[in-house]
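Listed below are the residues making up each chain.
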Amino acid sequence: MRFLPIYAGLLMVHSSTTLIATEQQFTSGLYPKRALAIVRGEGARLYDADGQVYIDCVGGQGAANLGHCHPAVVAAIQDQAALLLSCPEIFHNDQRAAYLSELAAALPMPARIFLCNSGAEAVEAGLKFARLLTGRTKIIATMRGFHGRTMGALSATWEIKYREPFMPLIPEVSHVPFGDVEALAAAMDTETAALLLEPVQGEGGVRPAPAGYLEAARRICDAHGALLLADEVQTGFGRTGKLFGVEHSAVIPDLLLMAKSIAGGLPMGAVVIHERHGALPAGAHGTTFGGGPLVCAAARAALRVYQQEDLPRQAAEKGSWLLERLQALRLPAVREVRGLGLLVGLELKGRVQPILQALLERRIVALPAGPNVLRLLPPLVISYDDLDEVVSAVAAVLG
Ligand SMILES: *Cc1c(COP(=O)(O)O)cnc(C)c1O
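Below you will find a few notes about this structure. Quantities reported herein were computed from a predicted structural model and do not represent experimental measurements.

1. Observations concerning the side chain of R96
Then step 1. Tracing the backbone shows R96 in helix 5 (residues 94-106).
Then step 2. Relative accessible area serves as the criterion here: at 4%, R96 is assigned to the buried category.

See below:
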């Protein structure tokens, strides 16, 4: 009884309004935030500090493919938290050993794996490994590509407003139009270390690679001795209807970069290195937190759920259903509906910001992908009922 009034008191104090004011006072200011204080999540539902429920089509910006607080991941984290939290890679560790072998078995290629802590770190490491493995420095990336905000990853990111304040970035990075085979062939030469691309461009407007493009990219890389780096930070872990986006093709990348949903919501990244490149030189790269036991335990549980619940297939089926329903609406305000799996974009004729606000008023949170694309990125466990509500809301706000 003693705790009840205190608990109730805390709930009162931490209303959305108070939380937002406190955060606004001390936050860096870097993020244009929505006036929403999220305190709990379950599956594809989010709850704010006032107890309001929202259907989640933000999906932790790609980190929540598994749904919020998946019980298997929560249990793995709780168990591991009591055993060992940190363990740098100067030691071996049971959770890491198990995760490396389990992830390796799920990959489209035989591989070695470098574990890190985020998408940008995976890209950063990928760029360094490409230099190490080829002895070359030129990088080709794609227009509208997004690869993260650290200096190297930012150099490969296309959006000029992200790059401009930080120029000069790393040299010898060029951008070719995504999907244009001839432009790629013309840009690549025997000084090119790597081509870096996303199988489906996420931030850049939800644009799946045109049929045959990845195959052509693979051939062009091979012809010049350049590496193919697949940035699967957003497309990985079931999002597009396969465990990895490249698996929609027969293309095997040299490096496969992943993060976001790898560990069921905890921060983690990985660079998968095709076995033919062998082990990297000792000491050439590293990170203190990478491959820690807590995230490895969470990632093991997450991988088991992706496999046991066949979330890639669920994403494929729900994604096709959602895409067809949205296309069938024939909304005059929508130029195109496109996507792959549960990575779905609606290219609007107008700006997306007011639409996001209108959806929020209907208790649906969603993402932009550029100024005029509405991006739906729900957890793969979302129910058809919730997807149905999303379709109705989109129809209402865009109709
Ligand atoms: C989000 C994202 C990144 C960056 O990941 P962070 O964890 O935010 O650093 C890189 N590449 C792609 C394709 C992404 O979607």
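Don't stop here, the text continues.
2. Digging into the site of the ligand
Then step 1. By nearness alone, every residue bordering the ligand is listed as S118, G119, A120, F146, H147, G148, E198, D231, V233, Q234 and K260.
Then step 2. Within the contact set of the ligand, an oxygen atom lies 2.9 Å away from a side-chain nitrogen or oxygen of Q234.
Then step 3. K260 is positioned with one of its side-chain polar atoms (N or O) 2.7 Å from an oxygen atom of the ligand.
Then step 4. Look at the ligand: alone it shows 380 Å² of surface, and the protein chains cover 82% of it.
Then step 5. Among the residues making up the shell around the ligand, the classes are represented as three nonpolar, five polar and three charged.

3. Topic: the environment of P108
Then step 1. Examined against the element boundaries, P108 turns out to sit in the loop between helix 5 and strand 4 (111-116).
Then step 2. Through-space distance from the C-alpha of P108 to that of V251 is 9.3 Å; in sequence the pair is 143 residues apart.

4. What about the pattern of salt bridges?
Where charged atoms of side chains with opposite charge meet at close range, the side chains can pair.
Then step 1. Applying the stated criterion across every chain yields a total of 17 salt bridges.
Then step 2. In this structure, the salt-bridge partner of E23 is K33, at a minimum N-O distance of 2.6 Å. Here the residue E23 occupies a position in helix 2 (residues 16-26), and K33 occupies one in the loop between helix 2 and strand 1 (38-42), the gap between them amounting to 10 residues.
Then step 3. Assessed through its relative accessible area of 42%, E23 is described here as partly exposed.

5. With respect to the environment of V233
Then step 1. In this structure, V233 sits in the loop between strand 10 (227-231) and strand 11 (255-258).
Then step 2. Taking the C-alpha atoms as reference, V233 lies 8.1 Å from S261; in sequence the two are 28 residues apart.
Then step 3. When near neighbours in sequence (up to four residues on either side) are disregarded, V233 contacts G119, L257, M258, A259 and K260.

6. So, the pairing of strand 5 (residues 138-142)
Then step 1. Among the five residues in strand 5, four count as buried, and that is most of the element.
Then step 2. When strand 5 meets strand 6 (residues 173-176), the two strands line up parallel, connected through four bridges. Considered in strand 6, the bridge of T142 is made with V176.

7. Topic: the sheet that holds strand 14 (residues 343-348)
In sheet architecture, strand pairing relies on hydrogen bonds along the backbone and comes in two forms, parallel and antiparallel.
Then step 1. Reading across the sheet, the four strands line up as 13-14-17-16 and stay open at both edges, with antiparallel pairing between neighbours. With one partner strand each, in any of the chains shown, strand 13 (334-340) and strand 16 (367-368) form the two edges of the open sheet.
Then step 2. Here strand 13 pairs with strand 14 via six bridges, running antiparallel. Bridge assignment links R338 to a residue of strand 14, and that residue is G345.
Then step 3. Where helix 12 (residues 311-328) meets the sheet, its contacts fall on strand 13, strand 14 and strand 17 (373-376), and the angle it forms with strand 13 comes to roughly 170°.
Then step 4. This element, helix 14 (residues 384-398), spans strand 13, strand 14 and strand 17 of the sheet and lies at about 10° to strand 14.

8. Some details on the environment of L103
Then step 1. Tracing the chain through its elements places L103 in helix 5.
Then step 2. Its relative accessible area of 0% is what places L103 among the buried residues.
Then step 3. With 197 residues separating them along the chain, L103 and R300 place their C-alpha atoms 8.1 Å apart.

9. Thoughts on the nonpolar core
Then step 1. Ranked by size, the top nonpolar core spans 63 residues in total, and within it Y99, M258, L346, L374 and L376 carry the most contacts.
Then step 2. The leading source of residues in this core is helix 11 (residues 293-308), at nine residues.
Then step 3. Those residues in contact with M258 that sit more than four places away from it in its chain are L103, L107, A122, E232, V233, F237, F244, G269, A270 and V272.
Then step 4. With 22 residues, the next largest nonpolar core counts C116, A141, L229 and V271 among its residues.

10. Description of the sheet that holds strand 12 (residues 269-274)
Then step 1. The seven strands are arranged 4-12-11-10-7-5-6 in an open sheet whose pairing can be described as mixed. Sheet topology places strand 4 and strand 6 at the edges, where each strand pairs with a single neighbour. Going from strand to strand, the sheet's axes swing by 20° on average, the running direction of each strand aside.
Then step 2. Sheet strands in contact with helix 5 are strand 4 and strand 11, and its direction is about 130° off that of strand 4.

11. Some thoughts on the packing of helix 4 (residues 71-81) against helix 11
Then step 1. Here helix 4 crosses helix 11 at 155°, and the two axes come no closer than 8 Å. Taken together, the axes of helix 4 and helix 11 are roughly antiparallel relative to one another. The hand of the helix 4/helix 11 crossing is right-handed. Where helix 4 approaches helix 11, its residues A72, V73, A76, I77, Q80 and A81 are matched on the opposing element by P293, L294, A297, A298, A301, A302 and V305.

12. Re the packing of aromatic side chains
Then step 1. Applying the stated rule across the entire model yields six aromatic pairs.
Then step 2. Seen in terms of ring centroids, F237 and Y306 are 5.5 Å apart; in terms of plane orientation they differ by 35°. Their pairing is tilted. In this pair, F237 sits in the loop between strand 10 and strand 11 while Y306 sits in helix 11, placing the two residues 69 residues apart along the sequence.
Then step 3. Overall, F237 belongs to the buried group, its relative accessible area being 1%.
Then step 4. Ring geometry for W321 against Y384: centres 5.3 Å apart, planes inclined by 85°, an arrangement best described as edge-to-face. Placement of W321 in helix 12 and of Y384 in helix 14 is noted, with a sequence separation of 63 residues between them.
Then step 5. Of the aromatic side chains, those joined through ring pairs into one cluster are F237, F244 and Y306.

Calculation criteria
Residues numbered from 1 in each chain as written. Predicted model: local features only at pLDDT ≥ 70, side-chain atom pairs only at ≥ 80, totals over all residues. Heavy atoms only, no water. Helix = DSSP H or I, 4+ residues; strand = E, 2+ residues; numbered from the N terminus. Buried < 20%, exposed > 50% of the residue type's maximum accessible area, 1.4 Å probe, protein only. Near = heavy atom within 4 Å. Polar contact = N/O pair within 3.5 Å; in protein donor to acceptor, adjacent residues only side chain to side chain. Areas by Shrake-Rupley, 256 points an atom, 1.4 Å probe, with all protein chains shown as cover. Nonpolar A, V, L, I, M, F, W, Y, C, P; charged D, E, K, R; others polar. Salt bridge = Lys/Arg side-chain N within 4 Å of Asp/Glu carboxyl O. Contact = heavy atoms within 4.5 Å. Pairing = 2+ DSSP bridges. Axes fitted to C-alpha atoms, helices over the stretch in contact; angles between N-to-C directions. Core = buried A, V, L, I, M, F, W, Y, C linked by side-chain atoms within 4.5 Å. Parallel < 35°, antiparallel > 145°, perpendicular 65-115°, else oblique. Left-handed = near helix turned anticlockwise from the far one by under 90°. Phe/Tyr/Trp six-rings, centres within 6.5 Å; stacked < 30°, edge-to-face > 60°.

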